[in-house]
Amino acid sequence: MDFTFTEEQLAAAEAARGVFAGVAPDAVPSPALTTGAVTEGLDRELWSRLAAADLLSLLLDEAHGGAGLDAIALCLVLRESAGVLARVPLLEHSAAAAAVRTHGGTELAGRLLRRAGRGELVLTVAANGRTGHDPAESAVTARREGPAWVLDGVQTAVPWAYDADLVVVPAHVEGTAADRTVLALVPRDRDGVDLAEQVSTSGERLAELRLASARIDAVDVIEAEGAWEWLHALLTTGICALALGLGERVLRMTSEYTGKREQFGYPIATFQAVAVQTADRYIDLRAMEATLWQAAWRISSGAPGALPLAGDVAVAKIWAAEGVRRVVQTAQHLHGGFGADTDYSLHRYHAWAKHLELALGPAAAYEERLGDLLAVHPLG
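Summarised in this report is the structure supplied together with it.

Cut-off values and rules
- Residues numbered from 1 in each chain as written.
- Predicted model: local features only at pLDDT ≥ 70, side-chain atom pairs only at ≥ 80, totals over all residues.
- Heavy atoms only, no water.
- Helix = DSSP H or I, 4+ residues; strand = E, 2+ residues; numbered from the N terminus.
- Rg over C-alpha atoms; globule rule 2.2 N^0.38 Å.
- Contact = heavy atoms within 4.5 Å.
- Areas by Shrake-Rupley, 256 points an atom, 1.4 Å probe, with all protein chains shown as cover.
- Lys, Arg positive; Asp, Glu negative; His and termini not counted.
- Charge placed at Lys NZ, Arg CZ, Asp CG, Glu CD.
- Core = buried A, V, L, I, M, F, W, Y, C linked by side-chain atoms within 4.5 Å.
- Buried < 20%, exposed > 50% of the residue type's maximum accessible area, 1.4 Å probe, protein only.
- Salt bridge = Lys/Arg side-chain N within 4 Å of Asp/Glu carboxyl O.

**Examining the overall build of the protein chain**
Okay, step 1: Regarding its fold elements, the protein chain presents ten helices and ten strands.
Okay, step 2: Its C-alpha radius of gyration of 21 Å places the protein chain within 12% of the 21 Å reference for a compact globule of 380 residues.
Okay, step 3: Long-range contacts, defined as pairs at least 24 residues apart, comprise 75% of the intrachain contacts of the protein chain with a sequence gap of at least 6.
Okay, step 4: Counting only carbon and sulfur atoms, one obtains 52% of the accessible surface of the protein chain, whose full area is about 16200 Å².
Okay, step 5: Considering the protein chain, the positive charge centre built from 32 side chains and the negative charge centre built from 49 side chains are found 2 Å apart.

**Concerning the nonpolar core**
Okay, step 1: Ranked by size, the top nonpolar core spans 100 residues in total, and within it Phe20, Leu50, Leu231 and Leu246 carry the most contacts.
Okay, step 2: If we skip the residues at most four places from it in the chain, Leu50 touches Val19, Phe20, Leu55, Leu56 and Val88.
Okay, step 3: Counting residues in hydrophobic clusters, the runner-up holds 23 residues, among them Leu151, Ile216, Ala218 and Val221.

**A look at the pattern of salt bridges**
Okay, step 1: A complete count under the given rule lists 24 salt bridges for this structure.
Okay, step 2: We note a salt bridge from Arg79 to Glu289, for which the minimum N-O separation is 3.2 Å. Linking Arg79 in helix H3 (residues 71-83) with Glu289 in helix H7 (residues 272-301), this pair joins segments that are 210 residues apart in sequence.
Okay, step 3: Residue classification places Glu289 among the buried residues on the basis of a relative accessible area of 18%.
Okay, step 4: Between Asp194 and Arg210 there is a salt bridge; the shortest N-O distance is 3.8 Å. Within this pair, whereas Asp194 is found in strand S6 (residues 193-199), its partner Arg210 is found in strand S7 (residues 205-217), the two being separated by 16 residues in sequence.
Okay, step 5: Judged by its relative accessible area of 39%, Asp194 is partly exposed.
Okay, step 6: Looking at Arg210, the relative accessible area reads 37%, which means it is partly exposed.
Okay, step 7: Each of Arg79, Glu248, Arg286 and Glu289 takes part in one network of salt bridges that share partners.

Here's what the structure looks like:
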């Protein structure tokens, strides 16, 4: 495998570093000191800067005002965003727009994508199912009634739902086999659409999306086979990129702290027990990185592998979920009581890491999925 990035991919990462350079992780109240959400909405100023830098249109083709880049470029940008805990729906918005570009109709793409690329239209995805443990595509049903689709069901923990103009909702088509899923672009203010506030471990405002006979025009429903599976793979891989970026930042914070904190007249970074723990976490990060790029490359290239794409995505998510948890736990341990100080940002990274670990399913769910794939596609 050759994981050398192209000039265009590196340029996207460089642009992202410039945009995120001035973002402070502690710009909103601490989730440890706030009973509700840390703030009501996304960082609009940062959102505008991302749009101005053409980072909201990375995955769109030139015909829709985009750069025509791929999942690898998006993951490079997401990696940078996680280092500063950027409060924007960059992953969900980009993935939803990419799904419209790749699987949506010409009319839908023409109506939405340029506005989405400019940040004028905010998109998100409902991908956690009814409880967070069941498949998202089975939590909502869809039935065709004349020129519209009618949706019923519930999706939990929808990120940025209160900020989004459209929520992409996977729905199982009634009266068909279990694998028939459509993607409906649901306006937040449509009759039959209701939001109930939820709050994540990171303090961000989520929503339970309730659909009661919500009518969606057929032109706003993507019926292409495999569209949901592709979108879910991109979302999951993006979560892995966020976990990697967060973990790398936390390990740097830990290295800086242990290099300055002294005991018995020596920096604690020179103690063997500290060095071994940080070395183990460095290995975790490198494994997270290798499996991330493998999954992103499979999405970008469409290349075949020993397992279907879902296998590489599962491996990346297993490493990301378990790796980011180990990184923040070790960081808290090596920081001592200082790591829990709400005037220091490490506790925020810990809260975000827990959210990322469980987002779209914990490691155990993907281990089970990987096992099922291996049973059907034995290696060797």
